[in-house]
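These are the residues of each chain, in order.
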Amino acid sequence: MSMFSTGILVLTSPLHTLPLRIAPVLSSAAQLVERTLYVHLHPGLNLGSGSQPRPVFLPPAVDLSTLISRLYSNAADVCGHLDVRVLLTNVRTQSAACSGTAIPNCPFPTPQTLSHSPEVVLTDFPLQDPGQSHQVKQCLQRYAGHCYVCSPGLPSVLLHPELERLQEDGEEAEPMQTYSDVVVGGTFDRLHGAHKTLLNISCLLASRRFIVCVCDHAMLKKKVLKELVEPYSLRAQRLQEFLQDIKPSLQVEIMPLEDPYGVAVVDPLLQCIVVSEETRRGGEAVNKKRIENGLPPLILHEIQLLKDAHHTETEEEKISSSSLRSRLLGTLLTPPTAASHLAALPYVIGLTGGSGSGKSSIARQLEALGAVRIDCDKLGHEVYQPGTAAYRRVLEEFGSDLLNEDKTINRRALGRKVFGNQERLKALTDIVWPEIALLVENRISQAREEGKQVCVLDAAVLQEAGWTDMVHEVWVTVIPEEEVICLYLQSSVEQAWRHVAMPR
């Protein structure tokens, strides 16, 4: 059967049996859906009765919260490539259900529009009679169309052949306490299963308003590989889309979090804050501040961390954005764009990064593998040599008092003239950078004539100088700021000891 980009999985098994069935169900669904899988819950739905069933409201229950955690955990294990989203439009307390819609006990007065239009509907409904297959598929198709805006002629697939029959008798579901206004905080970088669990359970708990505080600026400083954290605007946009899909009835407010507390310590309407095992102390600190501000403390609803079955020895055991960012190292964040103005060979890699980040070490390793290394620092020294165009223009712009006795330019004196003066610095780079670019082009042409396959352009100012149009792809080296400081301090100490140890 062909693959579909987006699908809806309608789960009909009783809540208490689903945790055991969800892994094989997701595994089967992943054989058909390749991008987004929406999950719609309707325990006890009978698609084989002969009459057309309608969606109904489900009350929030503890079993439902447990299922959501298990579902996202299993999804990370068996179908990590899928963007799984548990939809909660039909989950609401009875009182809210009766007052919130025109039709009593009807979650979908009109079909809900999802961010990605479903192309197939799947179900775990156990078929009793193979002869009913066509009837059940039609019933499933109509049911999905009643709930969500779907592609015309939506195909329907029964996944029951992949599942075991389980005992369906269970105890009555334990009701879940809900709250009018709920708040949660986090980085929400590259939404993953743990984020979705946190957000879904928060939406279960919230009946009116849900505030999401997203770490930004100062709150990102201590994050692992903070350079790879997605921009706030993108993280907020993805949160908005996700939350609009899973529970459109909620009033959602997404705002930047620039200190450990945010709005949680000043909003008098908030009733509950959702935390994990590792952020519980942060929730307690929020309550301490609320009490200081004359506000009642929030209920702390704690969820469990999700284990990462695929973590390496150097990664955290839990599913985390830090691990996901670590896995991005050494990969292309975006595929290279076609550069029609560049010759196919040699393939030019632009290598850039901050001081002490290991850029030159990587360049040397590539050179050892056969790449031609073009060191822009060395080319920068060449353009200042007497007789060059840049040499003459620098003296005209900054004065002949820069000259050493041997008529070379004193670069330290030149540095003093431009330091702290952006206008003068730009005047210098406008002279020097184009001349370096010409030398780079000459080196690339020379490598082509020699039949070289790859060049690596080692340039700290690759982007600032506008040299990215000379390369096929850009590599960036990063290093934590505290590591750079340690390196320089260590270097300074070693230099000092060498000075002390020098014979007098």
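Residues numbered from 1 in each chain as written. Predicted model: local features only at pLDDT ≥ 70, side-chain atom pairs only at ≥ 80, totals over all residues. Heavy atoms only, no water.

The secondary structure content of the protein chain amounts to 14 helices and 14 strands. In summary, the protein chain has a C-alpha radius of gyration of 30 Å against a globular reference of 23 Å for 504 residues, an excess of more than 25%. Principal-axis analysis of the C-alpha atoms gives the protein chain an extent of 100 × 60 × 45 Å. Expressed as a percentage of its 504 residues, the buried residues of the protein chain come to 45%. When contacts within the protein chain are restricted to residue pairs at least 6 apart in sequence, long-range pairs at least 24 apart make up 79% of them. Split by element, the accessible area of the protein chain, about 26200 Å² in all, is 53% carbon and sulfur. Each charge sign in the protein chain was given a centre, from 47 positive and 58 negative side chains, and these centres are 4 Å apart. (Helix = DSSP H or I, 4+ residues; strand = E, 2+ residues; numbered from the N terminus. Rg over C-alpha atoms; globule rule 2.2 N^0.38 Å. Buried < 20%, exposed > 50% of the residue type's maximum accessible area, 1.4 Å probe, protein only. Contact = heavy atoms within 4.5 Å. Areas by Shrake-Rupley, 256 points an atom, 1.4 Å probe, with all protein chains shown as cover. Lys, Arg positive; Asp, Glu negative; His and termini not counted. Charge placed at Lys NZ, Arg CZ, Asp CG, Glu CD.)

A few words now on the pattern of salt bridges. This model, assessed by the stated rule, comprises 26 salt bridges. Among the ionic pairs, Arg 325 bridges to Asp 189, the shortest N-O distance being 2.8 Å. Remark: Asp 189 occurs in the loop between β6 (179–186) and α5 (193–205) and Arg 325 occurs in helix α8 (residues 321–328); sequence separation between them is 136 residues. For the residue pair Arg 325 and Asp 189, the accessibility class agrees, reading buried in each case. Salt bridges sharing common partners tie together Asp 83, Arg 85, Lys 196, Glu 241 and Asp 245. (Salt bridge = Lys/Arg side-chain N within 4 Å of Asp/Glu carboxyl O.)

A word on the sheet that holds strand β11 (residues 347–353). Spatially, the 4 strands line up as an open sheet ordered β12-β13-β11-β14, and their pairing is parallel. Looking along the sheet, the strands with just one partner apiece sit at the ends: β12 (372–375) and β14 (473–477). Averaged over all adjacent pairs, the angle separating strand axes in this sheet is 25 degrees, with direction ignored. With 5 bridges joining them, β11 and β14 adopt parallel strand pairing. In the sheet register, Ile 349 faces β14, and the bridge partner there is Glu 473. (Pairing = 2+ DSSP bridges. Axes fitted to C-alpha atoms, helices over the stretch in contact; angles between N-to-C directions.)

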